[in-house]
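# Overview (structure and organization)
The primary structure of each chain is shown beneath.
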Amino acid sequence: MDFPFPVVETTEGAARLLVPDVPRRRGPATAGPWPFYNPTMAVNRDLSAIVLRRWPQRLTSVLDGLAATGAWGIRMALEAGVRALTLNERSEIAVDLIRENVRRNDLHADIRAGDLRTRLSEADYDFVDIDPFGPPTPFLPAAFEAPEVAGGIGVTATDTAVLCGTYPDACQRRYDARPLRCPQGTEIGLRILIGYCARLAAARSKSVQPILAFAAEHFVRVLLVVVPRSRPASLGRVVRAGPGHFVRVSGLAGDWIGPLWLGPMSSSEILGRLSPTAWTSGGSARLLASLQGESDAAPFFVTTDELAAEERASPPKLERFTAGLREIGYRATRTHFHPRGVKTDAPPEDVRRVFRDRAPSGSTDGSAPAS
Ligand SMILES: C[S@@+](CC[C@H](N)C(=O)[O-])C[C@H]1O[C@@H](n2cnc3c(N)ncnc32)[C@H](O)[C@@H]1O
């Protein structure tokens, strides 16, 4: 088949794909004249395929709502064994490429050309995936409106500068929430996204249970089960009380952050059963291990950068710091959100004490640390 743009063959996971052979740049996706394919998003599809293989509910019919080249939908069918696959895409030129890619992988799929919101109003699916350019907010109300989304929804957001605090006014407009630009900004942004989904669900007498949520590259991602009945949502507002220390608040006074999801971001039970497959890249496998390590940790984390600034001392090696916290009975684990972040249940005073104990000797500048 001929396409009005150069194409090249590639493989990703179990899929053999024909994709536009065009210059790419790293970073968030933007719409171009040809169908969109971003190999750096393979980490998103790798982890999503692993979790869909162990999805807590039966997945018969799935919808890749914004399919582009069909990369993710095809991987869902090949790697997660989904039987009835629908690929939806607004761009006619992309739909032609999807057809070719479905054929190349010997699959049968229902391929639809149209607006995702219309598709969601016309049919029910066990799992719906929403992976847009930028914010998912234009599509989420329709996804939660669908009567039978009892299976689940996968949501990717690439408007991380908005969710993670660089553009707080835009976050307020899009997600009706206040972010914070800080070392924990990405976790806050992901919790704002999950909280937004929880609020949409609650408005329709449904609730959500996150199965897996993570950040990588320039995106945040959550895969959640939509429960067709309301349950008290783990939503709240917090204020930043110190390095990595966020305290829940009930009033609307002050510099609060949120509303955001304060419950578990993943199912540790399901996460514990996941393992890389033959199609998982090394980087994705490492991210999975990191997510498994932190799956039942409490919200937020402290960074040794923040503590070093506050204590005016050089930071200890992260392993020494986490070991010190564990030796006095606390939990401490690294987090995928930040290379120098530690999730711990230790109170702030013990966090600082261990930091000081484990800081390289002679590294303080001799002045009194900030209290
Ligand atoms: C970021 S790309 C999707 C990438 C794809 N999920 C993947 O894994 O490679 C977003 C796609 O959504 C399509 N799109 C944008 N608005 C749409 C709408 N309202 N309905 C259906 N498709 C839409 C665009 O044409 C584009 O192909």
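Residues numbered from 1 in each chain as written. Predicted model: local features only at pLDDT ≥ 70, side-chain atom pairs only at ≥ 80, totals over all residues. Heavy atoms only, no water.

### What to know about the layout of surface pockets
- Roughly 690 Å³ of volume is contained in the largest pocket.
- What lines the largest pocket is a set of 37 residues, among which Leu-66, Ala-68, Glu-89, Asp-131 and Phe-133 lie closest to the centre.
- At the level of elements, α2 (71-79), β4 (84-89), α3 (92-104) and α4 (116-122) are the ones that each hand at least two residues to the lining of the largest pocket.
- Residues belonging to the lining of the largest pocket are distributed by class as follows: 21 nonpolar, 9 polar and 7 charged.
- If you trace the second largest pocket, you find 23 residues lining it, with Gly-244, His-245, Phe-246, Pro-299 and Thr-344 closest to the centre.
- Broken down by secondary-structure element, the contributors of at least two residues to the lining of the second largest pocket are β10 (235-242), β11 (245-249), β15 (338-344) and α13 (348-358).
- Residue-level mapping places the lining of the second largest pocket at the junction of two domains, with at least three residues from each of domain 1 (7-293) and domain 2 (302-358). (1 Å grid on protein atoms, 1.4 Å probe; cavity = no way out; pocket = protein on both sides within 12 Å on 5 of 7 lines; lining within 4 Å. Points joined across faces, edges and corners; volume = space filled by probe spheres on them. Helix = DSSP H or I, 4+ residues; strand = E, 2+ residues; numbered from the N terminus. Nonpolar A, V, L, I, M, F, W, Y, C, P; charged D, E, K, R; others polar. Domains from an automatic or database assignment.)

### Comments concerning the packing of helix α7 (residues 168-175) against helix α8 (residues 185-202)
- Two numbers describe how α7 lies on α8: the axes approach to 11 Å, and their chain directions differ by 25°. As summarised for this structure, α7 and α8 are arranged roughly parallel, according to the angle between their axes. At the point where α7 passes α8, the crossing takes the right-handed sense. In this structure, α7 contributes Cys-171, Arg-174 and Tyr-175 to the contact, and α8 contributes Ile-192, Leu-193, Tyr-196 and Arg-199.
- In terms of residue class, the contact of α7 with α8 is built from 5 nonpolar, no polar and 2 charged. (Axes fitted to C-alpha atoms, helices over the stretch in contact; angles between N-to-C directions. Parallel < 35°, antiparallel > 145°, perpendicular 65-115°, else oblique. Left-handed = near helix turned anticlockwise from the far one by under 90°. Contact = heavy atoms within 4.5 Å.)

### Comments concerning the pattern of salt bridges
- Overall, the coordinates contain 26 salt bridges when judged by the stated rule.
- Between Asp-110 and Arg-112 there is a salt bridge, with its nearest N and O atoms 3.0 Å apart.
- For Glu-145, the salt bridge goes to Arg-204, with nearest N and O atoms at 2.9 Å. Within this pair, whereas Glu-145 is found in helix α5 (residues 140-145), its partner Arg-204 is found in the loop between α8 and β8 (207-216), the two being separated by 59 residues in sequence.
- Residue Arg-204 is classed as partly exposed on the basis of its relative accessible area, which comes to 23%.
- Taken together, the salt bridges that share partners define one network made up of Glu-12, Arg-45, Asp-46, Arg-75 and Glu-79. (Salt bridge = Lys/Arg side-chain N within 4 Å of Asp/Glu carboxyl O. Buried < 20%, exposed > 50% of the residue type's maximum accessible area, 1.4 Å probe, protein only.)

### Description of the state of the cysteines
- Summed over the entire model, instances satisfying the criterion amount to 0 disulfides.
- Sulfur of Cys-164: no disulfide; nearest cysteine sulfur belongs to Cys-171 and is 8.5 Å away. (Disulfide = S-S within 2.5 Å.)

### Remarks on the site of the ligand
- Taken together, the neighbourhood of the ligand is formed by 17 residues, with Arg-45, Leu-66, Glu-89, Leu-116 and Asp-131 sitting nearest.
- Glu-89 is positioned such that a nitrogen or oxygen atom in its side chain is 2.5 Å from an oxygen atom of the ligand.
- At 2.9 Å, a backbone N or O of Leu-116 approaches a nitrogen atom of the ligand.
- Of all the cavities here, the one that holds the ligand is the largest pocket.
- For the shell around the ligand, the class distribution of residues is 9 nonpolar, 2 polar and 6 charged. (Near = heavy atom within 4 Å. Polar contact = N/O pair within 3.5 Å; in protein donor to acceptor, adjacent residues only side chain to side chain. Sits in = over half its atoms within 2 Å of the grid points.)

### Here we look at the nonpolar core
- The biggest cluster of nonpolar side chains holds 49 residues, and the ones touching the most others in it are Phe-144 and Tyr-175.
- At 10 residues, the largest contribution of residues to this core is made by α8.
- By size, the runner-up hydrophobic cluster in this structure holds 42 residues, among which are Ile-98, Ile-211, Leu-223 and Val-227. (Core = buried A, V, L, I, M, F, W, Y, C linked by side-chain atoms within 4.5 Å.)

### Let's talk about the pairing of strand β2 (residues 15-20)
- Where burial is concerned, most of β2 is hidden: 5 out of the 6 residues are buried.
- Sheet analysis places strand β1 (residues 7-12) next to β2, joined by 6 bridges and oriented antiparallel. When the bridges of β2 are listed, Val-7 appears paired with Pro-20.
- Taken together, β1 and the strand that follows it, β2, pair antiparallel across an intervening segment of 2 residues, in which Gly-13 is found at a positive phi of about 55°. (Pairing = 2+ DSSP bridges.)

### Things to note about the sheet that holds strand β12 (residues 257-261)
- One open sheet accounts for 3 strands, arranged β11-β10-β12; its pairing is antiparallel. Of all strands in the sheet, those with a lone pairing partner are β11 and β12, marking the two edges. On average, adjacent strands in this sheet sit at an angle of 50° to one another, irrespective of strand direction.
- Sheet contacts for α8: β10, β11 and β12; angle to β12, the most-contacted strand, approximately 65°.

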